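So the chains spell out like this:
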Amino acid sequence: MVVKSERGRRRYIFFRVPEDVRRDDLTQMLSGIASVKVITCTGGEAVVRCSPADRPLVTETLESREGFGSVRTSGTLRTLRDRYP
């Protein structure tokens, strides 16, 4: 397992998205940002991983679209999954 000092910190952002949006759609929307990975996208909910420096850009990019909204940002995926199973 790689330590944080080598790979860097990460942020996980939970979004509400329109029901018809798929993981591939989100990946394409965020393709210009290097450190982004779409973790899940099902049932109108999505989790995106990015670096702390890219968090405002990711949030701004998705919230500028109709029906998208950021709900919560966390440093761990477990916290988001515990709160929003």
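### A closer look at the nonpolar core
If you look at the biggest cluster of nonpolar residues, it comprises 16 residues, and the most contacted ones within it are Phe15, Val17, Leu26, Leu30, Val36, Cys41 and Val58. Going through the elements one at a time, strand 1 (11-16), strand 2 (37-42), strand 3 (45-50) and helix 3 (55-63) are the ones with two or more residues in this core. If you tally residues by element for this core, the top one is strand 3, at 3 residues. In this view, phenylalanine 15 contacts Gly44, Glu45, Ala46, Val48, Val58, Thr59, Leu62, Gly69, Ser70 and Val71; residues no more than four positions away in its chain are not counted. Listed in part, the 6 residues of the second largest apolar core include Phe14, Ile39, Val47 and Leu77.

### So, the sheet that holds strand 4 (residues 69-74)
Taken together, 4 strands build an open sheet; the order of strands is 2-3-1-4 and the sheet is antiparallel. Strands at the two margins of the open sheet, each flanked by one partner only, are strand 2 and strand 4. Averaged over all adjacent pairs, the angle separating strand axes in this sheet is 20°, with direction ignored. Sheet topology places strand 1 next to strand 3; 6 bridges connect them, and they run antiparallel. Across the sheet, arginine 16 pairs through a bridge with glutamate 45, a residue of strand 3.

Reading the values: rules and limits
- Residues numbered from 1 in each chain as written.
- Predicted model: local features only at pLDDT ≥ 70, side-chain atom pairs only at ≥ 80, totals over all residues.
- Heavy atoms only, no water.
- Core = buried A, V, L, I, M, F, W, Y, C linked by side-chain atoms within 4.5 Å.
- Buried < 20%, exposed > 50% of the residue type's maximum accessible area, 1.4 Å probe, protein only.
- Helix = DSSP H or I, 4+ residues; strand = E, 2+ residues; numbered from the N terminus.
- Contact = heavy atoms within 4.5 Å.
- Pairing = 2+ DSSP bridges.
- Axes fitted to C-alpha atoms, helices over the stretch in contact; angles between N-to-C directions.

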